[in-house]
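# Summary of the model geometry
So you can see what is in the structure, the chains are spelled out below.
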Amino acid sequence: MTTWNLNGTNSHVLICNGSSCMRKGGEEVTQAIRDEISHLNLDGLIHTTRTRCNGRCKDACVVIVYPEGTWYKAVTPAIGRKIVQKCMKPEMELQESVLYQYDFEKFIKVNEQSISGIEKPVKIGG
Ligand code: FES
């Protein structure tokens, strides 16, 4: 198992490889994202991880970028390439693909066209 030195990494891209996302092109999205990172010579700045289901299967293929805390929905290979570009150009417009955005306190649903999903119970201090 590879152990990467992540010093200097500024973005971590989590690419869902759960079964719903894989049926919607998850492998092609994964390869497009990794290819764009290599093409732009960003291997030292952007780290990727394949995940299992992220719990938003109806929005497949799901990609999450940290530390900005952006959840992207219905990601295609072309959108995946734009996500990589946006890691280096935060001002880049990609709002139509954003599902949730972290506002430094909590996640906010940005795209109202996607289903709400099942409410999670809120426990504070428990
Ligand atoms: S399989 Fe990707 S969110 Fe569930």
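Residues numbered from 1 in each chain as written. Predicted model: local features only at pLDDT ≥ 70, side-chain atom pairs only at ≥ 80, totals over all residues. Heavy atoms only, no water.

### A closer look at the packing of helix α2 (residues 26–39) against helix α3 (residues 77–88)
Here α2 crosses α3 at 35 degrees, and the two axes come no closer than 8 Å. Here the hand of the crossing between α2 and α3 comes out right-handed. Along the contact surface, α2 presents Glu 28, Val 29, Ala 32, Ile 33, Asp 35, Glu 36 and Ile 37, while α3 presents Pro 77, Gly 80, Arg 81, Val 84 and Gln 85. Residue composition of the contact of α2 with α3, by class: 6 nonpolar, 2 polar and 4 charged. (Axes fitted to C-alpha atoms, helices over the stretch in contact; angles between N-to-C directions. Helix = DSSP H or I, 4+ residues; strand = E, 2+ residues; numbered from the N terminus. Left-handed = near helix turned anticlockwise from the far one by under 90°. Contact = heavy atoms within 4.5 Å. Nonpolar A, V, L, I, M, F, W, Y, C, P; charged D, E, K, R; others polar.)

### Describing the packing of aromatic side chains
Counted under the stated rule, the structure contains 4 aromatic pairs. Seen in terms of ring centroids, Trp 71 and Tyr 100 are 6.3 Å apart; in terms of plane orientation they differ by 75 degrees. Their pairing is edge-to-face. In this pair, Trp 71 is assigned in strand β4 (residues 70–72) and Tyr 100 in strand β5 (residues 98–102), connecting sequence segments 29 residues apart. As far as the burial class goes, Trp 71 and Tyr 100 line up, both buried. Through a chain of ring-to-ring contacts, the aromatic side chains of Trp 71, Tyr 100, Tyr 102, Phe 104 and Phe 107 assemble into a single cluster. (Phe/Tyr/Trp six-rings, centres within 6.5 Å; stacked < 30°, edge-to-face > 60°. Buried < 20%, exposed > 50% of the residue type's maximum accessible area, 1.4 Å probe, protein only.)

### Here's the deal with the sheet that holds β4
What the 6 strands build is an open sheet, ordered β2-β1-β3-β4-β5-β6; its pairing is mixed. Looking at strand neighbours, the two that pair on one side only are β2 (46–51) and β6 (107–109), the edges of this open sheet. The sheet shows a mean angle of 20 degrees between the axes of neighbouring strands, taken without regard to direction. Seen against the sheet, α2 touches β1 (11–16), β2 and β3 (63–66) and runs at an angle of roughly 170 degrees to β2. (Pairing = 2+ DSSP bridges.)

### Re α3
In this model, α3 (12 residues) spans 18 Å end to end at C-alpha, consistent with the 16 Å of a helix rising 1.5 Å per residue. Along α3, the residues that are buried comprise Ile 79, Gly 80, Ile 83, Val 84, Lys 86 and Cys 87. Looking straight down α3, one finds that the buried residues subtend no more than 160 degrees of arc, so they occupy a single side. Against the buried residues of α3 lie β1, α2, β2, β3 and β4. (Expected span 1.5 Å × (residues − 1). Arc of directions from axis to C-beta.)

### Some thoughts on the pattern of salt bridges
Evaluation of the coordinates by the stated rule reveals 5 salt bridges. Of the charged contacts, one joins Glu 36 and Arg 81 as a salt bridge, the two residues approaching to 2.9 Å between their closest N and O atoms. Here Arg 81 lies in helix α3 and Glu 36 lies in helix α2, a separation of 45 residues in the sequence. The buried category is assigned to Glu 36, whose relative accessible area is 6%. With a relative accessible area of 28%, Arg 81 lands in the partly exposed category. Salt-bridge contacts for Glu 105 lead to Lys 106; the nearest nitrogen and oxygen are separated by 3.7 Å. Taken together, the shared-partner salt bridges connect Asp 35, Glu 36 and Arg 81 into one network. (Salt bridge = Lys/Arg side-chain N within 4 Å of Asp/Glu carboxyl O.)

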